[in-house]
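Fold and contact review
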Amino acid sequence: MNWSSSTGDPTVYWTFYVLLTLILTYCGWGISNDDEKQTHFKKYAWIAGVSYSLVEGLRWLRGADYYHYYQDLATNFKDFSACTPDPEFLYKIWVNLFYSTGLPPTVAFIIYSALLIWGMLLIFKKYPKAAIWGLPIFFLMTNSQTENIIRQTLASTFLIFAYAAYLYNKRKMILVLLCMVPLIHTSGLYGVALFLLFTYVMIPLKKPWLLVVLYLFAYYIWNPDWLQSFADILSKINLGDDIKGQGYLDNSDRWFTSEGSMAVVLGKGVTQLSKFYVTIKFLVDIFIVFFGFYACKDDRKLQLVYYFSYIALIIQTIAGDIELLTRFSNWTNLFTPILIGIMFSKIKIPQMKMAQIAIYVVFAINFIFYGLIRSLGSLPYAGCGFIWDK
């Protein structure tokens, strides 16, 4: 069964989409304005968690990978034409266990969404003032990623939990959670390596100018075609047919060059973005790189949030819509809404009130107008289906 842009009712889909955005905004506001004892945190967390879990978990054929993972759960890997080949150890155990319960696969997708929002809420419990911005932006910014790249997002969720354990000084729990990541998705070794780097090594930068320059290089000078030489080298590596990942090496052109562009994969033309949107997106990125640095500078535990977000921005900038590179950015991209929330909760420019207002306006245009309003009524590439559209 294949996904289709005609699946489901767009009116129902966008009603839930807008409603969930409003609910997360309300809950973020409640968490941010709670008292010091966080008396009402559980109430807002439950409302946000249940709402997000049901809306996202009940989506049907929500991306190219959905049916693939649905069949894993429905057949316990017995549908060889559709299921995950050679699944990772922990993912296989989970599917075996879930299959034995006899529950419909939809329940598993609800659990995946519940775990992700739970992890985010644990972080916002530690940084409550960031929730009013971070919660709704988390949904608007990562929705297409979390709906499609399901197993990778499940593994990424345990990076989120590991970071929450880091915030609460639970060292043994950090190691357990990090070990789980690559046992769900092997490429999670990349995310684990970055996690260990930014939690145990202090990056000695005092100002963000070098990071700004590197971003500008990636934005203005980098050419994705330069990856062709890298792809040629990778294609010559032979680790053996039994080694997971050899298929990526054999087809390096497909994964690391414009041949792997999502526009090519989906059989669509390259979307021409307006100069106004490109400018807004550029300003958002620059503000994140610059002000995000200062927002996190005095809190050692926020270093990971900043550099994870920065790496995601750099990879997205040099990758364009090349699929595999985008998937690498997805390992760290989930931390960007947290950074944005922290940035707005900490950075104040009292002598430049108009500049601060301008920054708010730029982010509002990017996330509210382009991320929500302008998209209303459009059809996601995989459709608008929920389980009642099966």
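Residues numbered from 1 in each chain as written. Predicted model: local features only at pLDDT ≥ 70, side-chain atom pairs only at ≥ 80, totals over all residues. Heavy atoms only, no water.

Across its full length, the protein chain carries 19 helices and zero strands. Taken across its 390 residues, the protein chain has 51% of its residues classed as buried. About 18,900 Å² of surface is accessible on the protein chain, with carbon and sulfur atoms providing 67% of the total. (Helix = DSSP H or I, 4+ residues; strand = E, 2+ residues; numbered from the N terminus. Buried < 20%, exposed > 50% of the residue type's maximum accessible area, 1.4 Å probe, protein only. Areas by Shrake-Rupley, 256 points an atom, 1.4 Å probe, with all protein chains shown as cover.)

For the structure on display, the rule yields four salt bridges. A salt bridge links Glu 88 to Arg 151; the shortest N-O distance between them is 2.7 Å. On the criterion of sequence distance, the pair formed by Glu 88 in the loop between helix H3 (66–75) and helix H4 (89–101) and Arg 151 in helix H7 (residues 150–167) is long-range, its members being 63 residues apart. Here Glu 88 and Arg 151 have matching classes, each one buried. Residues Asp 285 and Lys 281 are paired through a salt bridge, measuring 2.9 Å at the closest nitrogen-oxygen approach. Of this pair, Asp 285 and Lys 281 are both found in helix H15 (residues 275–296), four residues apart, which corresponds to roughly one turn of the helix. Of the residues examined, Asp 285 reaches a relative accessible area of 5% and is grouped as buried. (Salt bridge = Lys/Arg side-chain N within 4 Å of Asp/Glu carboxyl O.)

Turning to unusual backbone geometry, a few remarks are in order. Its identity as a non-glycine residue notwithstanding, Asn 76 has a phi of 55 degrees, on the positive side. The phi dihedral of Phe 77 falls on the positive side, at around 70 degrees, and the residue is not glycine. Locating Phe 77 in the fold gives a position in the loop between H3 and H4. A relative accessible area of 12% places Phe 77 in the buried class.

What follows is about the environment of Ser 51. Inspection of the secondary structure assignment puts Ser 51 in helix H2 (residues 41–57). Classification of Ser 51 by relative accessible area gives buried; the value is 17%. For Ser 51, the residues in contact, after removing those within four places along its chain, are Leu 20 and Ile 23. (Contact = heavy atoms within 4.5 Å.)

For the pair H15 and helix H18 (residues 336–346), interaxial distance at closest approach is 9 Å and the crossing angle is 65 degrees. Between H15 and H18, the angle falls in the class roughly perpendicular. Relative to H18, the crossing made by H15 is left-handed. On the side of H15, the interface is formed by Phe 287, Ile 288, Phe 291, Gly 292, Ala 295 and Cys 296, while H18 contributes Thr 336, Leu 339, Ile 340, Ile 342, Met 343 and Lys 346. (Axes fitted to C-alpha atoms, helices over the stretch in contact; angles between N-to-C directions. Parallel < 35°, antiparallel > 145°, perpendicular 65-115°, else oblique. Left-handed = near helix turned anticlockwise from the far one by under 90°.)

Further remarks concern the side chain of Thr 21. One can find Thr 21 in helix H1 (residues 10–32). Polar side-chain contacts of Thr 21 include one of 2.9 Å to the backbone oxygen of Tyr 17. Here Thr 21 is in contact with Pro 136, Phe 139, Leu 140 and Leu 372, once residues within four sequence places are set aside. (Polar contact = N/O pair within 3.5 Å; in protein donor to acceptor, adjacent residues only side chain to side chain.)

The next thing to look at is the packing of aromatic side chains. Per the stated rule, a full pass over the model turns up 51 aromatic pairs. Relative to Tyr 91, the ring of Tyr 69 lies with its centre 6.2 Å away and its plane at 85 degrees, an arrangement referred to as edge-to-face. With Tyr 69 in helix H3 and Tyr 91 in helix H4, the pair connects residues that are 22 residues apart, well separated along the chain. Both residues of the pair, Tyr 69 and Tyr 91, count as buried. Arranged with centres 6.0 Å apart and planes meeting at 50 degrees, the rings of Phe 158 and Phe 161 form a pair that is tilted. Within this pair, Phe 158 and its partner Phe 161 are both found in helix H7, separated by three residues, close to a single helical turn. Comparing Phe 158 with Phe 161, the two get one shared label, buried. (Phe/Tyr/Trp six-rings, centres within 6.5 Å; stacked < 30°, edge-to-face > 60°.)

Worth remembering: the numbers are spatial, not functional.
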